[in-house]
Amino acid sequence: MTKLTLRIAGIGAVAAVAAVLPLTAQASTKATPLVGTVGPGFTITLTDAKGAKVSALKAGAYTIKVTDLSDIHNFHLIGPGVNKDSGLVAKGKSVWNVTLAKGSYTFVCDPHPTIMKGKVAVA
Ligand SMILES: [Cu+2]
């Protein structure tokens, strides 16, 4: 019985690695990484992988790592074909795989839209 259990766990580990590999390969060759952060203060930012603020992007695939550091703020990305929300009460990290099309995208904290917002023009 013990032997069987170990064997199943081993297969599970291999399957998990196999499942992660294609995503990593796709991220490095296709999707461009971005970083979204909201909170803990009244700040919301979208940056590239190097930490530079983003205001213009090319249309295409992006992987956005969102960190929501507050239960009174949310990171909400809205634009053509995209409507992603980290959740107001929710905190923590999310990874969004999105395709940005030509147009204007807005990232906003919904309770504080006048002071916590940004725009990205996608061409
Ligand atoms: Cu807010």
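Quick caveat: nothing in here was measured; it's all calculated off a predicted structure. (Residues numbered from 1 in each chain as written. Predicted model: local features only at pLDDT ≥ 70, side-chain atom pairs only at ≥ 80, totals over all residues.)

*Asks:* Just to check I follow, could you spell out the overall build of the protein chain for this structure?
*Replies:* Looking only at helices and strands, the protein chain has 1 helix and 9 strands in total. Overall, the protein chain shows an N-to-C arrangement of helices and strands of α-β-β-β-β-β-β-β-β-β. Here the protein chain holds 123 residues, and 19% of them are scored as buried. When contacts within the protein chain are restricted to residue pairs at least 6 apart in sequence, those whose partners lie at least 24 apart make up 61%. (Helix = DSSP H or I, 4+ residues; strand = E, 2+ residues; numbered from the N terminus. Buried ≥ 20, exposed ≤ 12 C-beta atoms within 10 Å, placed from the backbone. Contact = placed C-beta atoms within 7 Å.)

*Asks:* What is the right way to look at the sheet that holds strand 9 (residues 117–122) in this model?
*Replies:* Across the sheet, which stays open at both edges, the 5 strands sit in the order 3-9-8-5-6 with mixed pairing between neighbours. With partners counted over all chains shown, the strands left at the sheet margins are strand 3 (56–57) and strand 6 (82–85), one partner each. Taken together, the 2 bridges between strand 3 and strand 9 define a ladder with parallel strand orientation. Each residue of the ladder has a partner; that of Ala56, found in strand 9, is Ala121. (Pairing = 2+ DSSP bridges.)

*Asks:* What am I meant to see in the sheet that holds strand 7 (residues 92–100) here?
*Replies:* Sheet strands line up and pair through hydrogen bonds in the backbone, either parallel or antiparallel. Read from one edge to the other, the open sheet built from 4 strands follows the order 2-1-4-7, with strand pairing classed as mixed. Sheet topology places strand 2 (44–48) and strand 7 at the edges, where each strand pairs with a single neighbour. Within the sheet, the average angular offset between the axes of one strand and its neighbour, ignoring direction, is 20 degrees. Note that strand 1 (residues 32–38) and strand 4 (residues 60–68) share 7 bridges and pair parallel. Residue Pro33 lies in a different strand from strand 4, and its bridge partner there is Thr63. (Axes fitted to C-alpha atoms, helices over the stretch in contact; angles between N-to-C directions.)

*Asks:* Would you take a moment to explain unusual backbone geometry for this structure?
*Replies:* Leaving glycine aside, a negative phi is the common case for residues, and trans is the common case for peptide bonds. Put simply, Gly39 and Pro40 share a cis peptide bond, and its omega is 0 degrees. Positionally, Pro40 belongs in the loop between strand 1 and strand 2.

*Asks:* Help me understand the nonpolar core, please; the structure alone is not making it clear to me.
*Replies:* If you look at soluble globular proteins, the nonpolar side chains tend to sit buried side by side. Residues Ile44, Phe75, Phe107 and Cys109 are the most contacted members of the largest nonpolar core, which totals 15 residues. Counting residues per element, the ones that place at least two in this core are strand 1, strand 2, strand 4 and strand 8 (103–108). (Core = buried A, V, L, I, M, F, W, Y, C linked by C-beta atoms within 7 Å.)

*Asks:* For this particular structure, what's the right way to read the pairing of strand 4?
*Replies:* Relative to strand 7, strand 4 runs antiparallel, the two sharing 9 bridges. Across the sheet, residue Thr67 finds its bridge partner in strand 7, namely Lys93.

*Asks:* Looking at this structure, I do not really get the confidence of the model for the protein chain. What am I missing?
*Replies:* Reading fine detail from the predicted coordinates is not recommended where pLDDT is low. Across the protein chain, pLDDT averages 85, with 76% of residues at or above 70. Counting contacts from residues 1–6, a segment whose pLDDT is below 50, to residues more than four positions away or on other chains yields 0 contacts. Note that pLDDT drops below 50 for residues 24–28; the model gives that stretch 3 contacts with residues more than four away or on any other chain. (pLDDT = per-residue confidence, 0-100.)

*Asks:* Explain the environment of Gly81 here, please?
*Replies:* With respect to the helices and strands, the residue Gly81 is situated in the loop between strand 5 (76–79) and strand 6. Residues Gly81 and Ala101, spaced 20 residues apart in sequence, show a C-alpha to C-alpha distance of 7.5 Å. In this view, Gly81 contacts Thr99 and Ala101; residues no more than four positions away in its chain are not counted.

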